[in-house]
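# Chains, contacts and geometry: an overview
Chain residues, written in single-letter form:
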Amino acid sequence: KFCVDNSISAVVGSIKILAEMKDFVMNFTTCNSDHDKRSTGSTEHFALIPFTITQISIGMLEPKVTVLVKKLSSSENQLVCQNIRMNDLTGHLLSVQGISFNMQSKLQCRVEIIDNLRIPGVCRLHESLCNASFTLADDNFYFVAKEIHLINLPGVPEQEHITQHEMTFPFTLKVILDEIHLTHQREQGFDLFKINGLDAEAKIAEFQQRNNDTCPIYKGVGFKIINIDTVRHKMIHAENVSAAFNINLSRLEDIHEANIVIERATLSAGYSSIDWSNIIGGKNTVNNLKPFNMPYAL
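Residues numbered from 1 in each chain as written. Predicted model: local features only at pLDDT ≥ 70, side-chain atom pairs only at ≥ 80, totals over all residues. Heavy atoms only, no water.

Tallying secondary structure elements over the chain gives two helices and 14 strands in all. Within the chain, the proportion of its 298 residues that are buried is 37%. Across the chain, contacts joining residues at least 24 apart in sequence account for 50% of those joining residues at least 6 apart. Carbon together with sulfur atoms contributes 56% to the accessible area of the chain, which is approximately 18,200 Å² in total. (Helix = DSSP H or I, 4+ residues; strand = E, 2+ residues; numbered from the N terminus. Buried < 20%, exposed > 50% of the residue type's maximum accessible area, 1.4 Å probe, protein only. Contact = heavy atoms within 4.5 Å. Areas by Shrake-Rupley, 256 points an atom, 1.4 Å probe, with all protein chains shown as cover.)

This brings us to the pairing of strand β13 (residues 236-248). Alignment of strand β12 (residues 218-232) against β13, held across 10 bridges, turns out to be antiparallel. Bridge pairing in β13 links Gly220 to Asn248. If you look at the hairpin formed by β12 and β13, you'll find three residues sitting between the two strands. Hairpin geometry of β13 and strand β14 (residues 255-267) is characterised by an intervening segment of six residues between the two adjacent antiparallel strands. (Pairing = 2+ DSSP bridges.)

Sheet topology places strand β9 (residues 140-152) next to strand β10 (residues 172-185); 11 bridges connect them, and they run parallel. Within β10, the position partnered with Ile148 by the bridge is Ile180. Bridge analysis of β10 against strand β11 (residues 190-207) gives 12 bridges, and the strand direction is antiparallel. The residue of β11 that forms the bridge with His184 is Asp191.

The phi angle at Lys71 is positive, at roughly 50 degrees, despite the residue not being glycine. Along the chain, Lys71 falls in strand β3 (residues 65-75). For Lys71, a relative accessible area of 47% puts it in the partly exposed group. Positive phi outside glycine occurs at Glu257, with the angle close to 50 degrees. Within the secondary structure, Glu257 sits in strand β14.

This next bit is on the nonpolar core. It is characteristic of soluble globular proteins that their nonpolar side chains tend to be buried jointly. Within the largest apolar cluster, 51 residues are counted, with the highest numbers of intra-cluster contacts made by Leu129, Phe143, Leu177 and Leu198. Discounting chain neighbours no more than four positions away, the residues touching Phe143 are Leu129, Ala132, Ser133, Phe134, Leu173, Lys174, Val175, Ile176 and Leu177. (Core = buried A, V, L, I, M, F, W, Y, C linked by side-chain atoms within 4.5 Å.)

Our focus in this paragraph is the confidence of the model for the chain. In the predicted model, the chain carries a mean pLDDT of 77, and the fraction of residues at 70 or more is 68%. Low pLDDT, under 50, characterises residues 37-44; the stretch is placed with two contacts to residues that sit more than four places away or in other chains. Note on residues 158-165: pLDDT is under 50 here. Beyond four places in sequence and across chains, it has 19 contacts. (pLDDT = per-residue confidence, 0-100.)

Once that is clear, we can look at the side chain of Thr172. With respect to the helices and strands, the residue Thr172 is situated in strand β10. Residue Thr172 is classed as buried on the basis of its relative accessible area of 13%. Not counting residues up to four positions away in its chain, the partners in contact with Thr172 are Asp139, Asn140, Phe141, Glu201, Ala202 and Lys203.

Let us look at the state of the cysteines. Among covalent bonds in proteins, the disulfide is the one between the sulfur atoms of two cysteines. One pass over the structure, following the stated rule, counts zero disulfides. For Cys81, which is in no disulfide, the shortest distance to another cysteine sulfur is to Cys109 and amounts to 9.0 Å. (Disulfide = S-S within 2.5 Å.)

With that out of the way, let us pick up the packing of aromatic side chains. The full count for this structure, using the stated rule, is three aromatic pairs. Where Phe134 meets Phe141, the ring centres are 5.9 Å apart and the plane angle is 35 degrees; that geometry is what we call tilted. Residue Phe134 is classed as buried on the basis of its relative accessible area of 18%. The class of Phe141 is partly exposed, set by a relative accessible area of 22%. Note on Phe134 and Phe143: the rings are 5.1 Å apart at their centroids and 20 degrees apart in plane angle, and the pair reads as stacked. Here Phe143 falls in the buried class, since its relative accessible area comes to 12%. A network of ring pairs unites the aromatic residues Phe134, Phe141 and Phe143 as a single cluster. (Phe/Tyr/Trp six-rings, centres within 6.5 Å; stacked < 30°, edge-to-face > 60°.)

This is the structure in structure tokens:
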């Protein structure tokens, strides 16, 4: 619905629209790329029609999410947006300020500030993220940033479980981060992790437990950590870490088919089995067990 104040209001039935939009976005960037090749050596270039939209409000029915876009305008081959907010029934999911889209051969997006980001049942931003970039090239969606501060969200409340048909993302997400500061909350205090040099990718797909054809196929996220330079924590220091694992979207707290390779690791002495269970993510019942000290040499 178009309004007289240059605002737009829309209702979307399902998040599956992302998959339906994939071909349109890929054709758009391909056309721009072909146009750039034809116009090489000339002053001709792709340009957007100038416009300004004060507000775009999108309501999604499945899952129940609202998206609010403030002040979207165009300038030649760029789209500029003042603010984007995304909310669900449990509160804010995303808040972004100062967004600019480069609508050339590769769809590139630069963000001045992400001041709120929450992945239900997983983590949220602990501090604002500045100067991040997103690039869509071929079937890959790249996210690149210098430094990010996260804090985990312990436990998965029932209303935050994601039903398998709701979640879809038609691209492979590739993440490149120079530095990650992770605050891991637990029942008694918290732990601090510092991760340097993350190169990883993730893709939503269907999986089945290996060597077990009787288990049902589930929709999940396949993670591949190509490399982590270092992981630092008061109890462990690891170098050159790679890993692969799957997470079932209907049970975010469970990890399947995990395979982890660590080239070098140093463990600190003096911590009990309970301490190690806490940072790995043991169940609450672990607090009822009698701790025993780990050996000083392993």
